[in-house]
Amino acid sequence: MGRYLGRKGLIYALTLFVAVTINWMLPRFMPGDPISDMVSRAGLRDPEAAARMQAYYENLFGLDVPIWQQYLNYWGSLFSWPPDLGISMWSFPRPVGDLVMGALPYTLALLIPAILLSWYVGNKLGALAARRKALDNTVLPVSYLLTATPYMWLAILLVWFGGMQLGWFPSSRAYSGNLVPEFSMSFIGSLALHWVLPFLSLFLVALGGWAIGMRNLVIYELESDYSNYLGALGAPPRLIRKYAFRNAMLPQITGLALQLGVVLTGNIVTEVVFNYPGLGLLLLNAITSTDFFLLQGIVLFVVIGVLICNFVIDIVYVWVDPRTRTGLQGASA
Amino acid sequence: MTDMKSSPAGRSGAAAPAPDPASAAPGQTATTDPLGAAPALAGRRRSEMLYFALRNPKVILGLSVIVAFLLFGLLGPLFSEFGPRERNAGPLGAAPSSDFWLGTTWTGQDVFTQLAHGTRATFQVALMAAAISAFIGMTMGFVAGYRGGRLDEILMMITNIVLVLPVFVVVIVVTAYLGISNTATQALVIGLFNWTWVARAVRAQTLSLRARDFVDLARLSGVRTLSIIRREIAPNMASYLVMTFILLFAGAIVFAATLDFLNLGPRGGMSLGLMLQQANQQAAMSLGLWWWFVFPGAAITAITGSAYLTNVGLDEVFNPKLREM
Amino acid sequence: MRQWRRFLVPLAGAGLVLAACTEDVTDDVADGENVDEAEDTDDADSANAGEFPRNETVYTGGAEWGTYEDWNPNTDGEATFVRGFLYETLFWFDPWEAELKPWLAESGEWIEEDVYEVALRDGITWHDGEQLTADDVKFTFDLRDVPGVEFPELDEWLDEVEVVDDLTVRFHFSDPRAGQWDNVLYDREIVPEHTWGEMDREEIPEASGEDITIGSGAYEYHSHDENRARYERYDDWWATEHLGLEMAARYVVDFRNESNEVAMSQILQNELDLSNFFLPGINQVPEFGESVHTFYSEEPYMLSANTASLIPNHDRSPTDDADLRRALAFSIDVDDIVDTGYQGIVEKADPTGMLPLWLDQGFRDDEVVEEHGFSYDPEEAERILDEAGYVDEDGDGWRETPDGEDMELDFIVPSGWTDWELAAEVIEENLHDVGVNVVLDFVDPGQELDPRRDSGDYDLVFDNQMLLQNHLFAQYFYLYELPVLDEQANRDNPHRVENEHAWELTQELARLGTPPTDDPDDDERFMEIVSELQEITLEDMVIIPLWYNGLWSQVNDSTWTNWPSDDPDTPNYYPTTWANEFMLGGLMTFTEIEPAG
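Described below are features of the structure shown in this document. Remember, predicted model here, so these are calculated numbers, not experimental data.

In this section: the overall build of chain B. Per the secondary structure count, chain B includes 13 helices and zero strands. If you list the helices and strands of chain B from N to C, you get α-α-α-α-α-α-α-α-α-α-α-α-α. By the burial criterion, 64% of the 325 residues in chain B qualify as buried. Taking as baseline every contact in chain B between residues at least 6 positions apart, the subset at least 24 positions apart corresponds to 73%. Total accessible area on chain B stands at roughly 11300 Å², and carbon and sulfur atoms take up 65% of it.

This is how it looks when you write it as structure tokens:
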């Protein structure tokens, strides 16, 4: 178990190292000069003033020291507390950390329920479908349809149908215009109402995949030798199904880790369609306004978030799969 | 990381070919048992496979839809007298009719023409990207699995790192910095980041095959490594590789469409993702022009859905246990 | 599985609560004093501090291009409503009458050739209760030499600001540019000396944060985040007593959208009251004419805000040739752009490029336009090209330059700006029809287009910086300003024309007020200059004016009514929230709206 988690930890550490390094390199070695862009946007007519402004920003963003030192400083700033991710140019002079922390709750509010609920409901549905032929005939085709649906299309359809045609749900923003964020019933109610459509677009697509996966796995387990053997021994079908279900859970848990990237993708387009103020929208803002510091900050956050989730899933796996606990090395990296 | 072969239940578990990270099809291939299917195949005649494949309704339906769209992309533009971006081809924002089968956009562009050109471009990108991913992933997997040792460790380390990275975010960032000017570049970027699960799955397959007698025999008789891979291992995995390619293809379609939708795709031209982007950007939902965004989205769904269906069908063909279900 | 269910269901809600909590901490920062006051009153009537009643709140949007972070009235690019709501100017400009109207100032006049005197209204207070006096005005204008502050060139011609008494200020000019001065009078916000004066002068352009929002205007800063800014009415506003004006809306919330189309659903769903986003197709939604309105109920639907033109590069061959530019002008079918690209929500521009406001004032010289003007006429374009030696010698279907070189015009277009992309495609077709090879180069607007335009790395580009302003000098500054720098960032003359004579005339024009003034000789000279400039501009075909970009404005009257429109029963102010145009009637719009029902 220790060895298993240790190996995983090593992979994650290396991934972090690579991600941070690429992240640091990209804006510095790519064409385009963000500082000059920003200075020119400020619209100074006096070249001298522009030069001073350029120097001011280069100092502010730490670009006035040798390149290796910039790299070390970058690591240093990440490990300071609170992490210093620089200052956004898009929303100057807000610190990148502030912007990311401001957007993060919205993204998590979409992602966490969407991932976990789709996983839970999908597994239940899949297991049921594996048991009942009649249910299988509807669940399976619908699941295939859902899982093949591109996120942005479903989002557009939901805006059109739920927002414009039925008029039941607002189709943009995260809460009503006349509210100020606070801990009150009306604010949370408004959040919930605005949350429904974007959540659905993430939930539904993911749901299909889990249902198919679970259905196939359970059927596979039910057909396996141990199930037949148990059946031959006269074990009640319920017991066999229980074993099958538990065994089928394992791949679904690792699948969860692999799905993170997909759901993140869906999250970006969903936020764009619904103008939902999470990390995805922020990411796109950073790109369109060539705000490299913000872009770096978001990517770093996303990478760390994904690594943490992976690690959590690994631990859950160890907890669920007894073989990893007894040193039988169940899951592989 | 090299302990994949010891998975006691002989079931895919974590080593199952992960669904293509961009294709949103978790567990789809989890039933594809890399350790069970391949040896079965080894002893069976190819024609038998084909026999079952052509009688599997899922394969037939899936492939028919894909081929139909492919033909539509290839031939559709020939049946249209308009350009994909040609304004005033018909009345502005007209609903589907006998003159304009799929209606027109807000500026009077013909949706049918756009869909045909878009399908063509989408196939182009997806096939190219899938080929690139398949090449990288299979090479990495073959080499790692066959050579083993330190090389295996290194290759799998690289694979695992890329696997954990949120690929789409990375691609967005790379795209944003580089700017994507044509479909080939887009395919390359997608292909470069979308191979990890292929590498892992192919490696697992190779590992299991390598341990088998016929490969040992070849090795003992002094056949060169490449030849063994080419002559003994690859053919035995052929079925598996076909399925892999189909999944990669489906993933690349969604991937490219998503990039196009975020306006990070090639400039000019027309693709299914771009159609959705334009419909969204020009507020087709508010204007009630449903045909503008329903058709391209439905096309993407149909193509990717059919690819999944084909994949499942092939799985049943290659893995007879599943056939009865 | 049972234990899963137990924590999963609450988790769905937990995310939302998380959002609520975190937002609470990061957002609700306002400047200390104002918040205290707000909370006091709220406690009194026990209303919920975090909720504005919808019928007391106006939702606006469409003006904010950056984020709501720049609260500094002394620099360009400030957050929406900093000019107008928080800080105010001495005058505002009424485009319908083409004249300045007093605002903080009670009156203003040239008392000598080079001295302008402003009399302030009595009893204007800043939000913190201090009096607004002549000293504040002097302080504001004395910042003109600080690098980074608006109107840096003002220092070249404004000599000294003199405080005569508490309410009287005199401006002494070294070069009295009456027309240009009027522009400053309605554009420059007056800032309080007692807060800004405590800062180091050099640091004033960099001042940021919400604690610099103490102004004199009708609204106070409430709170903001990246996507919205909230304002609350200041109940002791001076204009209530002086002008009888009242703001019916107690709160104003301004929204930033990631992209325009989102605003379309927002205005249809009554989540925006006044939208200044570009929303093509607004005239085609079912709600149009019911709850959703534009200024005109039929074409062109919008007032005109600026002239969009095709800008040829005068610093590069072959676009440095007037004959070629002239041929381009004749070959472009602007009606096609207006009809399909905009579907009638813009108007075709006059060949002089003058906005309708100036045409209405009678400044267009019809004879000059008759002689040198242009219209869509491909045959004429081909004739001009043939005559000037642009012919297709090698038979590849494209004309070569008179020197016999291949000609391929590089037309840079901001990708993602659908209307301009479409217009560019029309122009591409039009030019191809007359045998001119033009290549559309779709580039990233911020990353590539701006730098390339500023450094002159293009043959053709669209530009719409010929704005609605108080005086025609602005248009000709845009056309002829010298010198041309290597980097023309944020400067006029992106087409890099160098015409000393026209520039002289333009500067002379800036010294004259818009007719009719008190001096008939000046008025006559004004007309002479304007005619000559029109002639030079058309003869040389400096730029090719295409259409008037609209003052995009859509309103939903479900919550608020009496929005400006061409209906005589409603006000006719320019209904906008755009910062540059807000003192052209945008502010007045808010004094007129009334709660519905």
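Moving on from the coordinates now.
Before going further, it helps to spend a moment on the interface of chain B and chain C. Across the contact, 15 residues belong to chain B and 23 residues belong to chain C. Both faces combined, the contact of chain B with chain C buries some 1700 Å², and carbon together with sulfur accounts for 52% of it. Of all residues in chain B, Arg87, Trp106 and Arg267 of chain B give up the largest surface area on contact with chain C, accounting jointly for 38% of the area buried on that side. If you look at where chain B meets chain C, you find one salt bridge. The salt bridge involving Glu425 of chain C is made with Arg85 of chain B; its shortest N-O contact spans 3.3 Å. The tally of links from chain B across to chain C stands at three residue pairs in polar contact (both at pLDDT 80 or more). Secondary-structure elements contributing two or more residues to the side of chain B that touches chain C are helix H11 (272–281) and helix H12 (284–287) of chain B.

So, on to the layout of surface pockets. Put simply, the second largest pocket is a space of about 1300 Å³. Leu108, Gly305, Val306, Ile308 and Cys309 of chain A are the residues nearest the centre of the second largest pocket, which is lined by 47 residues in total. Taken together, the elements giving at least two residues each to the lining of the second largest pocket come down to helix H1 (2–29), helix H4 (67–79), helix H5 (96–131), helix H10 (237–274), helix H11 (279–288) and helix H12 (292–320) of chain A together with helix H1 (2–27) of chain C. Tallying contributions element by element places H12 of chain A first for the lining of the second largest pocket, with 12 residues. Here the residues of the lining of the second largest pocket are counted per class, giving 39 nonpolar, six polar and two charged.

For the structure on display, the rule yields 58 aromatic pairs over all chains. Taking the centre distance of 5.5 Å and the plane angle of 80° together, the rings of Trp290 of chain B and Trp291 of chain B count as edge-to-face. Assessed through its relative accessible area of 33%, Trp290 of chain B is described here as partly exposed. Considering the side-chain rings of Trp110 of chain C and Tyr116 of chain C, the 5.1 Å spacing of their centres and the 70° angle between planes classify their relative orientation as edge-to-face. A relative accessible area of 4% places Tyr116 of chain C in the buried class.

Analysis parameters
- Residues numbered from 1 in each chain as written.
- Chains lettered and ligands numbered in written order.
- Predicted model: local features only at pLDDT ≥ 70, side-chain atom pairs only at ≥ 80, totals over all residues.
- Heavy atoms only, no water.
- Helix = DSSP H or I, 4+ residues; strand = E, 2+ residues; numbered from the N terminus.
- Buried < 20%, exposed > 50% of the residue type's maximum accessible area, 1.4 Å probe, protein only.
- Contact = heavy atoms within 4.5 Å.
- Areas by Shrake-Rupley, 256 points an atom, 1.4 Å probe, with all protein chains shown as cover.
- Buried area = accessible area lost by both parts, 1.4 Å probe.
- Salt bridge = Lys/Arg side-chain N within 4 Å of Asp/Glu carboxyl O.
- Polar contact = N/O pair within 3.5 Å; in protein donor to acceptor, adjacent residues only side chain to side chain.
- 1 Å grid on protein atoms, 1.4 Å probe; cavity = no way out; pocket = protein on both sides within 12 Å on 5 of 7 lines; lining within 4 Å.
- Points joined across faces, edges and corners; volume = space filled by probe spheres on them.
- Nonpolar A, V, L, I, M, F, W, Y, C, P; charged D, E, K, R; others polar.
- Phe/Tyr/Trp six-rings, centres within 6.5 Å; stacked < 30°, edge-to-face > 60°.

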